[in-house]
Amino acid sequence: MTSLVDLGPGSFAEHTSLRVGGVVGTWIVARTEAACIEAIVECDDLGRPALVLGGGSNVVCSDAAFDRTVVQVAPPRDSIKPSYRPPPPIPDWAPS
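Everything numeric here is computed off the predicted structure, so don't read it as measured data.

Undergrad: Describe the overall build of the chain, and please don't skip the residues or the numbers.
TA: Of regular secondary structure, the chain possesses two helices and four strands. Ordering the α and β elements of the chain from the N terminus gives β-α-β-α-β-β. Here the chain holds 96 residues, and the buried ones make up 28% of them. Long-range pairs, those at least 24 residues apart, make up 55% of the contacts in the chain between residues at least 6 apart in sequence. Here the chain displays about 7,000 Å² of accessible surface, and carbon together with sulfur accounts for 58% of that area.

Rendered as structure tokens:
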């Protein structure tokens with residue numbers, strides 16, 4: 001699997017949890033940190049503004065066209081380590 005995928009034109013509605021938003025000039029999916037850096041550097045070299053987007057939750061976008069590049073950071077699911085750790089058990093404080 002390649003770590004940088006250029007999907008060409010897309011829309012925010014296809015990639016956000018609320019399913020709203022307009023057409024995007026170019027949609028790039030970066031699956032690694034290096035791919036994300038590569039995409040941003042390429043946009044910078046071309047003088048093309050870029051928007052970096054995570055999973056698309058909690059994002060509300062206009063239905064107007066967005067003639068820019070979206071770089072979606074989307075690592076493969078098996079590489080994501082859960083950050084939640086349950087709290088330690090509460091000691092028994094019952095008086096003896």
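We are not done yet, so read on.
Undergrad: Before we move on, could you go through the environment of Phe66 and cite the residues and values that matter?
TA: In this fold, Phe66 is placed in strand S4 (residues 66-73). It is 9.1 Å that separates the C-alpha atoms of Phe66 and Thr26, two residues lying 40 residues apart in sequence. If we ignore the near neighbours within four places in the chain, the residues touching Phe66 are Phe12, Val23, Val24, Gly25 and Leu51.

Undergrad: Provide a residue-level description of the confidence of the model for the chain, including the pertinent values.
TA: Across the chain, the average pLDDT comes to 81, with 80% of residues at 70 or higher. Confidence, read as mean pLDDT per element, is least for strand S1 (residues 4-11) in the chain (77) and greatest for strand S3 (residues 50-53) (92).

Undergrad: So, the nonpolar core: which residues are in play, and what are the values?
TA: Phe12, Val24, Trp27, Val29, Leu53, Val59, Cys61, Val70 and Ala74 together form the largest nonpolar core, which totals nine residues. Excluding anything up to four places from it in sequence, Cys61 contacts Phe12, Val20 and Gly21.

Undergrad: So what about unusual backbone geometry? Which residues, and what values?
TA: Unlike most non-glycine residues, Arg19 shows phi in positive territory, near 60°. Within the element layout of this structure, Arg19 appears in the loop between helix H1 (12-15) and strand S2 (23-30).

How each quantity is defined
- Residues numbered from 1 in each chain as written.
- Predicted model: local features only at pLDDT ≥ 70, side-chain atom pairs only at ≥ 80, totals over all residues.
- Heavy atoms only, no water.
- Helix = DSSP H or I, 4+ residues; strand = E, 2+ residues; numbered from the N terminus.
- Buried < 20%, exposed > 50% of the residue type's maximum accessible area, 1.4 Å probe, protein only.
- Contact = heavy atoms within 4.5 Å.
- Areas by Shrake-Rupley, 256 points an atom, 1.4 Å probe, with all protein chains shown as cover.
- pLDDT = per-residue confidence, 0-100.
- Core = buried A, V, L, I, M, F, W, Y, C linked by side-chain atoms within 4.5 Å.

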